[in-house]
Amino acid sequence: MSFVFTPPATASVPVVGTKARFPVHRIYCVGRNYEDHAKEMGYTGREPPFFFMKPADALLVVPDGQVGEMPYPSMTSDLHHEMEMVVAIGVGGRDIEVADASRHIWGYALGLDMTRRDLQGEAKKLGRPWDLGKAFDASAPVGPLHRVQDTGLITQGTISLTVNGEHRQKSDVSKLIWSVDEMISHLSRYFALQPGDLIFSGTPEGVAAVKKGDLLVGAVAGLGELKVRIA
Ligand code: MN
């Protein structure tokens, strides 16, 4: 078998403590999953979890200890940061029970769900898809994966983001409206989860705009730091 042109390389993320890389299948994202962020976006009350996607090649992989360079994207003047914990799926499945969800987790990483907020806002107003606001090139900076066998299951711990040393986002993973197990369960009713899927679990309050030259430093307790400069 031959291809009409060379297929692109499989998107992948380095793994802390090994030279092997984690091949990425799909990127799912959970919307409005911290109460105070839902409020700042103008929503109140518990709603069923909802999801959107980014293409796997939207990843901007930042190796351990390095500063990633994210080009300021086209067609926006309101690029926002959303600091998130990323959950990597190692065992696929559909209709996964909440009580059974944790055995599907392969590991965790730090991720930024970068958002063209102006385009997302327009899409919301017009009832259009979010892709232009969420799924653009390099919209998903991500750090190396930490294996769950090394970290244990993460259900709490500070999640934070500074921009140029100034605090912007700070909360705790325990404040997720839909826990990691619940989001895996819900998502698996809509899609057959596969090994290699990444799930961005949602961002806490404090989302705001960044500009060229800004240095973003995100963290979740136990997962190190994710550093990205807007270029
Ligand atoms: Mn998000």
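Residues numbered from 1 in each chain as written. Predicted model: local features only at pLDDT ≥ 70, side-chain atom pairs only at ≥ 80, totals over all residues. Heavy atoms only, no water.

A few words now on the coordination of the manganese ion. The manganese ion binds to the protein through Glu82 (OE), Glu84 (OE) and Asp113 (OD), with metal-donor distances spanning 2.0 to 2.1 Å. You can call Asp113 buried: its relative accessible area is 0%. (Donors = N, O, S within 2.8 Å, 3.2 Å for Na, K, Ca; no water. Buried < 20%, exposed > 50% of the residue type's maximum accessible area, 1.4 Å probe, protein only.)

We now examine helix α5 (residues 180-190). For α5, every residue scored as buried is listed here: Val180, Met183, Ile184, Ser185, His186, Leu187 and Ser188. Next to the buried residues of α5 lie β3 (27-30), β4 (51-54), β8 (83-89), β9 (105-112) and β15 (198-200). (Helix = DSSP H or I, 4+ residues; strand = E, 2+ residues; numbered from the N terminus. Contact = heavy atoms within 4.5 Å.)

A separate point is the pairing of strand β6 (residues 67-70). Taking every second residue as pointing to the same face, the buried face of β6 carries Gly68 and Met70, while none of Val67 and Glu69 on the other face is buried. Looking at chain direction, β6 and strand β17 (residues 225-230) are connected through 4 bridges and run parallel. Each residue of the ladder has a partner; that of Met70, found in β17, is Ile230. (Pairing = 2+ DSSP bridges.)

The next thing to look at is the sheet that holds strand β13 (residues 158-163). Here 5 strands make up an open sheet; going across it, the order is β6-β17-β16-β13-β14 and the pairing mixed. Only two strands of the sheet have a single partner each, and these edge strands are β6 and β14 (166-172). Sheet twist, expressed as the average angle between the axes of neighbouring strands with direction ignored, equals 20°. Relative to β17, strand β16 (residues 215-220) runs antiparallel, the two sharing 5 bridges. Across the sheet, residue Gly218 finds its bridge partner in β17, namely Leu226. (Axes fitted to C-alpha atoms, helices over the stretch in contact; angles between N-to-C directions.)

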